[in-house]
Amino acid sequence: MALGGSVAERLPSSTSVRPEPAPGAMTFARAWFKAIAGTSYLPMAQAEVEAFLLELTQRLSDALHAEPFSPQVGLQIGTDLVNAHVTSAEALGRSVEVIDARLLRDLGLAGDAGFDDLHDRMARLLGMVATGFARALRDRTLDEQEMVRRAAMIARDTAERRLRDSESRFRHQANHDPLTGLPNRALFTERLGRAFASAATGSRLGVCFIDLDGFKVVNDTLGHHIGDQLLTAVAQRLGQAVSDHLLARMGGDEFVVLVEDTTCTDDVLKVADSTLDALSAPFHIEGHEITVSASIGVVERAIAGTTSSDLMRAADLTLHWAKKSGKGRWALFDAERNERELAQYALAAAMPAALDRREFFLEYQPLVSLTDGRLLGVEALVRWEHPERGVLGPSHFIEVAEETGLIVRLGLRALAHACKQARQWLDLGGHTPFISVNLAVRQVRDAGLVREVTAILDRTGLPPERLQLEITESALMSSTDEPVRALRALSDLGIRVAIDDFGTGYSNLSYLRDLPVCELKLAGSFVEGLRSPAEDPGRAIDERILATLVSLAHTLGLTVTAEGVETAAQAERLRLLGCDAAQGWHFGRPGPPERIAELIAPTALPPRANGNVSGAG
Ligand code: C2E
Ligand code: MG
Ligand code: MG
C-alpha cells in the first residue's frame, strides 16, 4: 500500500468497541466481505476486515433506525471504506449491491411494517455512501498527487543542491592545488586578469614570485613524501605571513603573492620580507630538521601600460636575478637591467652569423717588464665589429657566449689567430714576446682543449713556450679534476699558464701551489688602491697587502704581472713592491698588431696575420 501507518491508524476513528451487534449483522458483514474480497488490496487480515465491516453494518443499521433520519452517515461510511483501502470502483459497486440486496433481510427487517420507509432510507443512505466514497477517493487521489508533487519537489531540490555542491566542489578542485589547498595557477591568473580588467585609473599592483632554493635536494635525499610535507608546511607559513593577499601555488616549489592596490614598491617589498622571515626558522618533518630559503622576484607597477603576461614575465625574470645573485633573497625588477639583458640576448642570437661573417678581430696589449722595460708578452683581446653598433668590447658578449657555449668556437678561433700573429712576429727576429690568450671557463672544461691547442701550435708553427694561456681562478674551482689535468698536459708541452684577474675570486694562493701555473696577473682593483694620495692611511694597508701577495707568489715560484696600470707613479710603486711586470694604458692601450710589431722591431715592416678572428679558424 502506498500509505503507511498501522492498521489501527488507518481504520476509521469511530471504530470502537460497541455493545452487542444487531442480530444478523455478523452474517451480513461476512457476506459483505465475500462480495468485496479480491476487488482491492487490503492490508488487513480477513478477521480485521470482517470486524471493520461489522462495525459499518452496525452504523448502517443504527442510521436506518435513527430519528430524525440522517443520510449523512452514508457519507462517512463511504469515506471510511476508502480510508480502509477499499478503493476500487468494483468494490463500491459490489458493496452497494450487497447492502441493497441483503442488509434489511439479514437484519431481519424485511417484513417490517415500515419496510417501504426503511427501503427509502436505505436508498438515500446508499446514495450518500457512494458520494462519500467518491469524494474520499478524489481527496485521497489529490492528496496522493500532492504528496507525489511534494516528493518530486523535495527530490528536485535535493538534486539541485547536490549538483550545486558538486559544482562548487568541482570548481574548488579546478582552482586549488590538491597538496597545499592553496589557490592554483588558474585561479591566480583569473584574479590577476580581474585586477587588470577592473583597475581604476592610476591604480598599481605588484607580485612576489617565490621559488624555494634547493627544494630538489630535499626531494632527492629525503624522498617525495617528505618533500610534499615540506611544501604543505611552507604553504601554511606563507599563508599566515601574507594573509592579506592572494597566495597561490604555481606548481612545483613556485608560489606567487598578488599584492593589489599598492601605492609604491615598498608595499610589495614588505611582503617579500615577511615571506623570507616566515621561512627563516627550520621545519621539523618526521624527525628531520629541514632549512629552506626562497628566492623572490618582485615587480610593482602601474596597471596602465602593462599587461598581466608582461608583469608575470618580468616577475619570472627577476626571480632568476635573485637566484643568480646568491638565493635566499628578493630582487626587484629593474627596467634598465632588463633592457641590457635583452640586448645581450639579441647579441647572443646574432653571434653565430657574426662568426661566419668574420666580424670578430683581436687587439693586442703589451705586457712590460717593470725591471728593465722590455716587452715580455702581448695579450690578445677580442672585439666585435658589429655592423650596427660599431666595435663592441668583450664585456658585451663574452658572458652570453659563455652561456650559449659559443665561447668554445670563438675562443679557439681567437687562439688560432693570435698564434698565427705571434708566429709572424717571431719571424721579425730579435726578442719576441709571448702571446697571452684568454681561455674561458667553458674552454678549460672542454675535453678537446689539449688536442685543439696542440693542433693549432702544429699548424701555426709557434713554439709552445711562446704561448701563454690566461685562466681565471673560477675555471679551476671545479668539482672534477678535468681542468687541472688539462692544464698539466698543456704545461708539460711547455705552454705558460697564468691566473688572470687574481684577487677578484677566491684569491687562494695555497691552492695555486699544486697547480701548473707560472704567472699571477693581479686584478686592476689592486692597482687602483695605489692611486689615492700617499698620506691616505688606507693606502699603506693596500700597499702592505700587495707586497705580501707579491712575496707569497714569488715563494711559490710565480711571476707577478699587475693589470690596469695607468700612470707612471703606479708603475713605480709596483716596481718597488716587487712586481715583475705590468700591463695597462701607461704602457700601451690594446691596439692593432702593427703597433706591437713596431715595438719588437721598430725598423722592420710590420707583418700582419691575414684576415680576422673568424677567418683564422
Ligand atoms: P682581461 O683578460 O683582464 O683583460 C684586461 C682588460 O683590461 C682588457 O679589457 C683591457 O682592455 C683592460 N685594460 C688594459 N689596460 C687597462 C688600464 O690601464 N685601465 C683599464 N681600466 N683597463 C685596462 P677588455 O679588452 O675589455 O677585456 C675584458 C675582458 O674580456 C678580459 O679581461 C678577458 O677576461 C675577456 N676577454 C677578452 N678577450 C677574450 C678572449 O679572446 N677570450 C676570452 N675568453 N675572454 C676574453
Ligand atoms: Mg686576460
Ligand atoms: Mg685580467
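Read on for an overview of the structure. From a predicted model like this one, the values you see are computed outputs, not experimental measurements.

## Things to note about the coordination of the magnesium ion (ligand 3)
Each donor-metal-donor angle would ideally measure 109.5 degrees in four-coordinate tetrahedral geometry, or 90 or 180 degrees in six-coordinate octahedral geometry. Only Asp-500 (OD), Asp-501 (OD), Glu-563 (OE) and Glu-563 (OE) from the protein coordinate the magnesium ion (ligand 3), and they sit 1.9 to 2.7 Å from it. Sequence spacing of the donors to the magnesium ion (ligand 3): D-D-x61-E. In this model, the magnesium ion (ligand 3) sits 3.8 Å from the magnesium ion (ligand 2), the two metals being bridged by Asp-500. Of this pair, Asp-501 sits in strand 13 (residues 496–502) while Glu-563 sits in the loop between strand 15 (559–562) and helix 22 (568–576), placing them 62 residues apart in sequence. Overall, Glu-563 belongs to the buried group, its relative accessible area being 11%.

## Things to note about the coordination of the magnesium ion (ligand 2)
Taken together, the protein ligands of the magnesium ion (ligand 2) are Glu-379 (OE), Asn-438 (OD1), Glu-470 (OE) and Asp-500 (OD), with distances of 2.0 to 2.3 Å. Summarised as a motif, the one-chain spacing of the donors to the magnesium ion (ligand 2) is E-x58-N-x31-E-x29-D.

## Let's talk about the site of ligand 1
Close contacts around ligand 1 come from 19 residues, with Glu-379, Arg-383, Asp-500, Glu-566 and Trp-585 the closest. Within the contact set of ligand 1, an oxygen atom lies 2.8 Å away from a side-chain nitrogen or oxygen of Asp-500. Relative to its unbound accessible area of 790 Å², ligand 1 is 76% covered by the protein chains. Of all the secondary structure elements, the ones that give two or more residues to the shell around ligand 1 are strand 9 (375–386) and strand 13. Broken down by element, the shell around ligand 1 gets its largest block of residues, four residues, from strand 9. Classifying every residue of the shell around ligand 1 gives eight nonpolar, four polar and seven charged.

## Comments concerning the nonpolar core
By size, the foremost hydrophobic cluster in this structure holds 79 residues, and its most contacted members are Phe-360, Ile-435 and Leu-467. Among the elements that make up this core, the one with the highest residue count is helix 14 (residues 407–426) (11 residues). Excluding its chain neighbours within four sequence positions, the residues that come into contact with Leu-467 are Leu-415, Cys-419, Phe-434, Ile-435, Val-437, Val-453, Leu-457, Leu-462, Ile-495 and Arg-496. Counting 39 residues, the second-largest nonpolar core is a separate cluster that includes Ala-29, Ala-84, Leu-92 and Ile-99.

## Brief notes about the sheet that holds strand 7 (residues 330–332)
If you walk across this open sheet you meet the five strands as 2-3-1-6-7, and the pairing is mixed. The open sheet is flanked by strand 2 (246–251) and strand 7, the only strands paired with a single partner. For this sheet the average axis-to-axis angle between neighbouring strands, irrespective of direction, equals 20°. Relative to strand 3 (residues 254–262), strand 1 (residues 204–213) runs antiparallel, the two being bridged by eight bridges. Note on strand 3: the bridge partner recorded for Val-207 is Leu-258. Helix 10 (residues 265–278) rests against strand 1, strand 3, strand 6 (293–302) and strand 7 of the sheet, and its axis sits at about 165° to strand 6.

## A word on the pairing of strand 12 (residues 467–472)
The buried fraction of strand 12 is high, at five of six residues. Relative to strand 12, strand 11 (residues 434–438) runs parallel, the two sharing four bridges. Opposite Val-437, over in strand 12, you have Leu-469 as the bridge partner. Taken together, the five bridges between strand 12 and strand 13 define a ladder with parallel strand orientation. Bridge pairing in strand 13 places Gln-468 opposite Arg-496.

## Some details on the packing of aromatic side chains
What the rule picks out here adds up to six aromatic pairs. Ring centres of Trp-321 and Phe-333 lie 5.9 Å apart, and the angle between their planes is 5°; on these two criteria the pair is classed as stacked. Pair noted here: Trp-321 is in helix 11 (residues 308–324) and Phe-333 is in the loop between strand 7 and helix 12 (335–356), with a separation of 12 residues, a long-range link. Given the relative accessible area of 4%, Trp-321 is considered buried. Relative to Phe-397, the ring of Phe-360 has its centre 5.5 Å away and its plane inclined at 65°; by these criteria the two rings are edge-to-face. Placement of the pair is Phe-360 in strand 8 (residues 360–369) and Phe-397 in the loop between strand 10 (390–392) and helix 13 (398–404), with a sequence separation of 37 residues. Among the aromatic residues, those joined into a cluster by ring pairs are Phe-360, Trp-384 and Phe-397. Seen from the ring of Phe-283, Arg-237 lies directly overhead, with NZ or CZ sitting 3.6 Å from the centre. Of note, Arg-301 hangs over the ring of Phe-333, and the distance from its end group to the ring centre comes to 5.2 Å.

## A few points about the pattern of salt bridges
Considering all chains together, one arrives at 32 salt bridges under this definition. A salt bridge links Arg-313 to Asp-310; the nearest nitrogen and oxygen atoms lie 2.6 Å apart. Of this pair, Arg-313 and Asp-310 both sit in helix 11, three residues apart, roughly one helical turn. Owing to a relative accessible area of 32%, Asp-310 belongs among the partly exposed residues under this scheme. Asp-372 is the salt-bridge partner of Arg-374, the closest N and O atoms lying 3.2 Å from each other. Overall, Arg-374 belongs to the partly exposed group, its relative accessible area being 39%. The class of Asp-372 is partly exposed, set by a relative accessible area of 47%.

Basis of the calculations
- Residues numbered from 1 in each chain as written.
- Chains lettered and ligands numbered in written order.
- Predicted model: local features only at pLDDT ≥ 70, side-chain atom pairs only at ≥ 80, totals over all residues.
- Heavy atoms only, no water.
- Donors = N, O, S within 2.8 Å, 3.2 Å for Na, K, Ca; no water.
- Helix = DSSP H or I, 4+ residues; strand = E, 2+ residues; numbered from the N terminus.
- Buried < 20%, exposed > 50% of the residue type's maximum accessible area, 1.4 Å probe, protein only.
- Near = heavy atom within 4 Å.
- Polar contact = N/O pair within 3.5 Å; in protein donor to acceptor, adjacent residues only side chain to side chain.
- Areas by Shrake-Rupley, 256 points an atom, 1.4 Å probe, with all protein chains shown as cover.
- Nonpolar A, V, L, I, M, F, W, Y, C, P; charged D, E, K, R; others polar.
- Core = buried A, V, L, I, M, F, W, Y, C linked by side-chain atoms within 4.5 Å.
- Contact = heavy atoms within 4.5 Å.
- Pairing = 2+ DSSP bridges.
- Axes fitted to C-alpha atoms, helices over the stretch in contact; angles between N-to-C directions.
- Phe/Tyr/Trp six-rings, centres within 6.5 Å; stacked < 30°, edge-to-face > 60°.
- Lys NZ or Arg CZ within 6 Å of the ring centre and 35° of its normal.
- Salt bridge = Lys/Arg side-chain N within 4 Å of Asp/Glu carboxyl O.

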